[in-house]
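Observations on the model geometry
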Amino acid sequence: MSAGTFEGYRPLLFSVAYRVLGSAADAEDAVQDAWVRWSAVDRSGVGEVKAYLVRIVTNLAMDRLRAARSRRESYPGPWLPEPIITESPKPGELADSVSTALLLLLENLSPLERAVFVLREAFGFSHAEIAVAVGRSEDTVRQAAYRARSRVRARRPRTLVDRGRHRAVTERFLAAAGGGDINVLMEMLAPDVTLWTDGGGKVRQAFHPVTGAGRVAAWFTGLGSRAYQGVSPAEMSAEITTLNGAAGILLLGGGRVLATLTLDLAADGRIAAIHNVANPEKLRAVATGAVHPVSVSSEQAQASVGVSGEQAQAPVGRDGLAVDVTGALAREEDQ
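Along every chain, residues carry numbers that run from 1 in the direction the sequence is written. Given that this is a predicted model, residues contribute local features only at a pLDDT of at least 70 and side-chain atom pairs are listed and counted only at 80 or more, while totals for whole chains, interfaces and linings are drawn from all residues. For side-chain calculations, the full set of non-hydrogen atoms in the structure is used, while hydrogens and water are omitted.

**A look at the overall build of the protein chain**
For helices the rule is a DSSP run of H or I covering at least 4 residues; for strands it is a run of E covering at least 2, with both sets numbered from the N terminus onward. If you tally the helices and strands in the protein chain, you get 13 helices and eight strands. Using a 1.4 Å probe, accessible areas were evaluated by the Shrake-Rupley method; residue-level cover was limited to the displayed protein chains. Accessible surface for the protein chain amounts to roughly 14100 Å². Of this, 51% is attributable to carbon and sulfur atoms.

Following this line, the structure appears as structure tokens:
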């Protein structure tokens, strides 16, 4: 089995690692580490390649997440997931499984709970399959899945948002912010809207969340009247692309990506949260222009850890928007 065998599974492995980590750079590193292990293993002993690779990358991602927790706790200002450019979601795809809002919610889970949630809710793996992937008993996995599902559901009630509507809101927001139209912005923002800005201490951003429609509107209308990261307003431009499964905004200037903006909408269509990533280290994946799939096909995902219940008793290894992943939480646990 050649390097081409591994490359065929790279999109799946990145998709798993990114959702577990919330970091494109760390996900790429986890996939590369998986390649190193794959290169060194005696492949004659590998029965199912996809199952083996998913187990490796899942455990590598959990290790990296444990190590990253302390760094994130001491991070200067709000910590936000690294944005990625994605394909536009197709009907039936769980676009929300890669959204900024959900990735932030997953920060409240333990590494095991997060890995179980990702494999179960985003990729449809069974409890038995996940038990093999994370090296735990099936009962432990069921309990972790229940805890994770309950915590996510409690913090993010199911809300279905049409992709076309989300894009239209994003376009209108960009026009209003670019034109300094505070009245339109006030109409679009929920009264308790929150702006989260992530500069990582490397560029000037708010060190605390900006809350309230008036303050958030003033923040954005002011952007058009002053230089941003040393780039004058006349040299800046913005474009809409697909970020993390939904319409998002790229702010460009000085020959580079200056920031990204993504919007989280309330049930009434008003903007409930805005996530602004400006840390240059977190914009590398976007700057490359690489486009990632929103999800792998259901056939590819469900075949990835194809094991029987009997095998799961002896685990190996350690320890659009119209279809919201929180909607999938209503599935029967024993499905």
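Once the structure has been displayed, the description carries forward.
**A few points about the nonpolar core**
As used here, the term nonpolar core means buried Ala, Val, Leu, Ile, Met, Phe, Trp, Tyr and Cys residues forming a set that is joined through side-chain atoms within 4.5 Å. Each residue's exposure class comes from its accessible area (1.4 Å probe, protein chains only) as a fraction of the maximum for that residue type: buried when under 20%, exposed when over 50%, partly exposed otherwise. Counting residues in hydrophobic clusters, the biggest one holds 53 residues, and the most contacted among them are Leu13, Tyr18, Leu53 and Leu106. Broken down by secondary-structure element, the contributors of at least two residues to this core are helix 1 (3–21), helix 2 (24–40), helix 3 (49–73), helix 4 (100–105), helix 5 (111–122), helix 6 (127–134) and helix 7 (138–155). Contacts are assigned to residue pairs that have any heavy atoms within 4.5 Å of one another. Beyond its immediate stretch of four places on either side in the chain, Leu53 contacts Phe6, Tyr9, Leu13 and Trp38. Grouped together as the second largest cluster of nonpolar side chains are 23 residues, Phe173, Met188, Leu195 and Ala206 included.

**A short note on helix 6**
Here helix 6 lies mainly inside the structure; eight of its eight residues are buried. Here helix 6 has its buried residues at His127, Ala128, Glu129, Ile130, Ala131, Val132, Ala133 and Val134.

**Looking at the layout of surface pockets**
Of the volumes computed, that of the second largest pocket is approximately 390 Å³. When residues of the lining of the second largest pocket are traced back to their parent elements, those giving at least two are helix 8 (163–178), helix 10 (213–223), strand 4 (237–243), strand 5 (246–253) and strand 6 (256–265). For the lining of the second largest pocket, the element with the most residues is helix 8, which contributes four residues. With a 1 Å grid spanning the protein atoms alone, the term cavity applies to any set of points in which a 1.4 Å probe fits but cannot get out, the term pocket to an open set with protein on both sides within 12 Å along at least five of seven lines, and the term lining residue to any residue with an atom within 4 Å of a point. Grid points are joined across faces, edges and corners, and a volume is the space filled by probe spheres set on the points.

**Topic: the side chain of His292**
Residue position: His292 is located in strand 8 (residues 291–292). The contacts of His292, once residues within four sequence positions are left out, are Phe14, Glu28, Ile84, Ile85, Thr86 and Glu87.

**Topic: the pattern of salt bridges**
A carboxyl oxygen of Asp or Glu within 4 Å of a side-chain nitrogen of Lys or Arg is what we treat as a salt bridge. Considering all chains together, one arrives at 14 salt bridges under this definition. For the salt bridge of Arg167 with Glu171, the shortest nitrogen-to-oxygen distance reads 3.3 Å. Residue Arg167 and its partner Glu171 are both found in helix 8; the two are separated by four residues, about one turn of the helix. Judged by relative accessible area, Arg167 falls into the partly exposed class, the value being 35%. Taken together, the shared-partner salt bridges in this structure form one network comprising Arg72, Glu107 and Arg114.

**Section: the side chain of Thr260**
Examined against the element boundaries, Thr260 turns out to sit in strand 6. On the accessibility criterion, Thr260 (2% relative accessible area) is buried.

**Some thoughts on the pairing of strand 6**
Counting buried positions over the 10 residues of strand 6 gives nine, a clear majority of the element. Pairing analysis gives six bridges linking strand 5 to strand 6, with the strands arranged antiparallel. Among the inter-strand pairings, Ile249 is bridged to a residue of strand 6, identified as Leu261. Should DSSP find at least two bridges between two strands, the strands are regarded as paired. The turn joining strand 5 and strand 6, which pair antiparallel and follow one another in sequence, is formed by two residues; a positive phi near 65 degrees is taken by Gly254.

**Focus: the environment of Leu13**
Inspection of the secondary structure assignment puts Leu13 in helix 1. What makes Leu13 buried here is its relative accessible area of 0%. Apart from residues no more than four positions distant in its own chain, Leu13 is found in contact with Phe6, Val31, Leu53, Val54 and Val57.

**Quick word on the environment of Val16**
Tracing the backbone shows Val16 in helix 1. You can call Val16 buried: its relative accessible area is 1%. Here the alpha-carbon distance between Val16 and Val118, two residues 102 residues apart in the chain, equals 7.1 Å. Apart from the residues lying within four places of it in its own chain, the contact partners of Val16 are Val57, Thr58, Val118, Leu119 and Phe123.

**A closer look at the packing of helix 5 against helix 6**
Close contact between helix 5 and helix 6 brings their axes to 10 Å; oriented N to C, the two are set at 135 degrees. Judged by the inter-axis angle, helix 5 sits oblique to helix 6. Viewed along their axes, helix 5 and helix 6 form a crossing whose handedness is right-handed. Across from Leu112, Ala115, Val116, Leu119 and Arg120 in helix 5, the residues of helix 6 making contact are His127, Ile130, Ala133 and Val134. Convention adopted: a line fitted to C-alpha atoms gives each axis, helices being fitted over their contacting stretch, and angles between N-to-C directions are expressed from 0 to 180 degrees. Oblique is the label for any angle not under 35 degrees, not over 145, and not in the 65 to 115 range, which are roughly parallel, roughly antiparallel and roughly perpendicular in turn. In this scheme the crossing of two helices becomes right-handed for a clockwise turn of the near helix relative to the far one and left-handed for an anticlockwise turn of less than a right angle.

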